[in-house]
Amino acid sequence: MKGHDWINSMLPDELMLEIFRNLYSKSTRDACSLVCRRWLTLERLSRDTIRIGASASPDSLVNLISTRFVNVTNLYVDEHISGAHPFGVSDYAILLAIEYLL
């Protein structure tokens, strides 16, 4: 049986954004963004820095990121983060999946 959603019904967006801004662990932020669509949206709004792996088509990835994370002011392309994905999935396939899901 599903209980009442007290957090989402009681906490306004502004307070949730402030909470997300104070989470410094990437894994914690990522886990919070999986709770529900509202938290995903708010967590994206709270990010000002994103680090991506170098890939063959960074322009399309940067364009996608700029539409999803509107408050980002710092974007780091890290050559140490592999462009390869588990199970041999290409960057293009990942972009298509992201666009489809969101």
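Position numbers for residues start from 1 in each chain and track the written sequence from start to end. In view of the model being predicted, local features appear only for residues whose pLDDT reaches at least 70, and side-chain atom pairs are presented and counted only at 80 or more, with totals across whole chains, interfaces and linings using the full set of residues. Only heavy atoms go into the side-chain values, all of them from the structure, while hydrogens and water stay out.

- The protein chain appears in an unreviewed UniProt entry as F-box domain-containing protein from Helianthus annuus.

1. Details of the UniProt feature "domain: F-box" (unreviewed entry) in the protein chain
For step 1, the next point in the chain: Under the UniProt annotation, "domain: F-box" (unreviewed entry) lies at residues 11-40.
For step 2, the next point in the chain: The distance from the first to the last C-alpha atom of residues 11-40 is 15 Å, and the span holds 70% helix and 0% strand. UniProt positions are given in the numbering used here, feature names are shortened, and annotations may be inferred rather than shown by experiment. Strands are runs of DSSP state E lasting at least two residues, helices are runs of H or I lasting at least four, and both sets are numbered from the N terminus onward.

2. Details of the packing of aromatic side chains
For step 1, the next point in the chain: Aromatic rings from Phe, Tyr and Trp, with only the six-membered ring used for Trp, were paired whenever their centres fell within 6.5 Å, and each pair was classed as stacked if the ring planes differed by under 30 degrees, edge-to-face if by over 60, and tilted otherwise. Counting across every chain of the model gives one aromatic pair.
For step 2, the next point in the chain: Between Phe20 and Trp39, the aromatic rings sit 5.9 Å apart at their centres with planes inclined by 75 degrees, giving edge-to-face as the arrangement. Linking Phe20 in helix H2 (residues 13-21) with Trp39 in helix H4 (residues 37-46), this pair joins segments that are 19 residues apart in sequence. For the pair shown, Phe20 and Trp39 are each scored as buried.
For step 3, the next point in the chain: Just above the ring of Phe69 sits the side chain of Arg44; from NZ or CZ to the centre is 5.7 Å. Each residue is placed in one exposure class: buried if its accessible area under a 1.4 Å probe, protein chains only, is under 20% of its type's maximum, exposed if it is over 50%, and partly exposed if it falls in between. Charges are assigned to positions over rings by a cutoff of 6 Å between ring centre and Lys NZ or Arg CZ, combined with an angular limit of 35 degrees from the ring normal.

3. Digging into the nonpolar core
For step 1, the next point in the chain: The biggest cluster of nonpolar side chains holds six residues, and these are Met16, Leu17, Phe20, Cys32, Trp39 and Leu42.
For step 2, the next point in the chain: When residues of this core are traced back to their parent elements, those giving at least two are H2 and H4.
For step 3, the next point in the chain: Considering each element in turn, this core owes the most residues, three residues, to H2.
For step 4, the next point in the chain: Apart from the residues within four sequence positions on either side, Met16 is in contact with Ile7, Leu11, Arg38, Trp39 and Leu42. Only buried residues count toward a nonpolar core. Its members are Ala, Val, Leu, Ile, Met, Phe, Trp, Tyr and Cys residues joined through side-chain atoms within 4.5 Å. A contact between two residues is defined here by any heavy atoms of the two lying within 4.5 Å.

4. Notes on the packing of helix H3 (residues 26-33) against H4
For step 1, the next point in the chain: Axis separation between H3 and H4 bottoms out at 7 Å; the angle between their running directions is 145 degrees. Together, Arg29, Cys32 and Ser33 of H3 and Trp39, Leu40, Glu43 and Ser46 of H4 make up the contact between the two elements.
For step 2, the next point in the chain: Side-chain classes are defined by residue name, with Ala, Val, Leu, Ile, Met, Phe, Trp, Tyr, Cys and Pro counting as nonpolar, Asp, Glu, Lys and Arg as charged, and the others, Gly among them, as polar. Looking at side-chain class alone, the contact of H3 with H4 contains three nonpolar, two polar and two charged residues. Between N-to-C directions, angles span 0 to 180 degrees; the directions come from axes that are lines fitted to C-alpha atoms, helices contributing only their stretch in contact.

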